[in-house]
Amino acid sequence: MRLLERMRKEWFMIGIVLAIAGAKLEPSIGVNGGPLMPEITVSYIAVATIFFNSGLSLNTEELTSALVHIKLHLFIQIFTLAFFPAAIWLLLQLLSITPINEWLLKGLQTVGCMPPPVSSAVILTKAVGGNEAAAIFNSAFGSFLGIVVTPLLLLLFLHSSSSVPFTSIFSQLFMTVVVPLIIGQIVRRYIKDWLERKKPPFGAVSSSVLLVIIYTTFCDTFSNPDIDLDRFSLVLILFIICSIQLSFMLLTFIFSTRNNSGFTPADTVAVMFCSTHKSLTLGIPMLKIVFAGHEYLSLISVPLLIYHPVQILLGSVLVPTIKSWMVSRQKGVKLTRPTV
């Protein structure tokens, strides 16, 4: 199962490259008003498909066992949806005086506003042997919370409230995100046994639809001759994203391993991954809705497209180290327990 998941992620990375290359070669196909009609097929059908698929695949029955650990959930959600975007905003005040492309910097802020992913944090927590139930709960709950909180954070930190109509954004979010998600959960109740027996490829479906969204987003970019992206900015953004990932993982590690934190080593693993990972599957459709028709939407999306593979790559590389630390810490706890 892990091998298949790894192969799917590798093909998805290749798919992103091919989608961007395809948009560069022939952008007229995926622009608004083009043959694909993305203003309908992507803005409504594709986004709704992703969230209906999420509703079908989300096993809410597994979350009940993790509900009691309120302190852990609060820490992860506050870090993800409050501290993270605020810290990025402060960092951008310094980076704004640099020659880095301003739309890529705005894209960094959108990364900070995103909810946690449903899959990658759970997969890495499980690979280490951490608190999988807590990872599942916080990924799922954070995704639900992000439906409301993320658009508000985007409008707050990017100062878009004067030009973006709240009513149209939230009505579209409701129809394309909330409603399909609820319908997916309702349908799941009736076909739960069939889903568990057949195990449909939910990840592959969402990834395929997401590639279509990425393709049409970059079609808009390459069809606009006024947009110019320099390599210097891209390299710096990649370096900044890697630094943010490592710094925040270290920060969550320090906070969650304090003597008075009340967290076990297994909890710390879930905290490190769930607090620092951001959702591409939920993020790109939300950006498409909140910044609909924005000429620099694709540039704003670039940091999130970079952050996604970086978080998986860094997480995978760190799995053996974190696992070794967790095992040694758990052995130490057992040895220090008084015998009865």
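The rules behind the values
- Residues numbered from 1 in each chain as written.
- Predicted model: local features only at pLDDT ≥ 70, side-chain atom pairs only at ≥ 80, totals over all residues.
- Heavy atoms only, no water.
- Helix = DSSP H or I, 4+ residues; strand = E, 2+ residues; numbered from the N terminus.
- Buried < 20%, exposed > 50% of the residue type's maximum accessible area, 1.4 Å probe, protein only.
- Contact = heavy atoms within 4.5 Å.
- UniProt positions renumbered as here; feature names shortened; annotations may be inferred.
- Phe/Tyr/Trp six-rings, centres within 6.5 Å; stacked < 30°, edge-to-face > 60°.
- Expected span 1.5 Å × (residues − 1).
- Bend = angle between axes of the 7 residues up to and from the residue.
- Polar contact = N/O pair within 3.5 Å; in protein donor to acceptor, adjacent residues only side chain to side chain.
- Core = buried A, V, L, I, M, F, W, Y, C linked by side-chain atoms within 4.5 Å.

K.L.:
Can you explain the overall build of the protein chain? Please cite residues and give values.
P.N.:
Assigned secondary structure in the protein chain consists of 12 helices and 0 strands. Going from N to C terminus, the protein chain has its helices and strands arranged as α-α-α-α-α-α-α-α-α-α-α-α. Buried residues in the protein chain amount to 50% of all 340 residues. A fraction of 84% describes how many contacts in the protein chain between residues 6 or more apart in sequence connect residues 24 or more apart.

K.L.:
Can you break down the UniProt feature "transmembrane region" (unreviewed entry) in the protein chain residue by residue, with the values?
P.N.:
Within the UniProt annotation, "transmembrane region" (unreviewed entry) is assigned to residues 41-60, 72-92, 135-158, 170-191, 203-222, 234-255 and 296-319. When the span residues 72-92 is considered, its composition is 100% helix and 0% strand, and the gap between its end C-alpha atoms is 29 Å. Across residues 234-255, helical content stands at 100% and strand content at 0%; the span's end C-alpha atoms are separated by 31 Å.

K.L.:
Report on the packing of aromatic side chains, specifying residues and quantitative values.
P.N.:
A full pass over the atoms with the stated rule returns 9 aromatic pairs. A ring pair is formed by F84 and Y307, whose centres lie 6.5 Å apart and whose planes are at 70 degrees; its orientation type is edge-to-face. In this pair, F84 sits in helix α3 (residues 70-95) while Y307 sits in helix α12 (residues 297-336), placing the two residues 223 residues apart along the sequence. Using a relative accessible area of 2% as the deciding quantity, one classes Y307 as buried.

K.L.:
Tell me about helix α6 (residues 132-157), residues and numbers included.
P.N.:
In this model, α6 (26 residues) spans only 32 Å end to end at C-alpha, well below the 38 Å of a helix rising 1.5 Å per residue. Along its length, α6 shows its largest kink, about 55 degrees, at G146. For α6, the N-terminal cap is N131; the gap from its side-chain oxygen to the backbone nitrogen of A134 is 3.1 Å.

K.L.:
Hey, could you go over the nonpolar core for me, with residue numbers and the actual values?
P.N.:
What tends to happen in soluble globular proteins is that the nonpolar side chains get buried as a cluster. Core analysis: the largest hydrophobic core is formed by 63 residues, its most contacted members being L108, I213 and I237. Per-element tally for this core: the top contributor is α12, with 10 residues. The residues contacting L108, other than those within four sequence positions of it, are I88, L92, L95, I237, I240, I241, I244 and P303.

K.L.:
Can you break down helix α4 (residues 102-113) residue by residue, with the values?
P.N.:
With 12 residues, α4 ought to run about 16 Å at 1.5 Å a step, and its terminal C-alpha atoms sit 17 Å apart, in line with that. When you tally the buried positions in α4, you get 10 out of 12 residues, the bulk of the element. W103, L104, L105, G107, L108, Q109, T110, V111, G112 and C113 are the residues of α4 that are buried. The N-capping residue of α4, defined by a side-chain oxygen 2.8 Å from the backbone nitrogen of W103, is N101.

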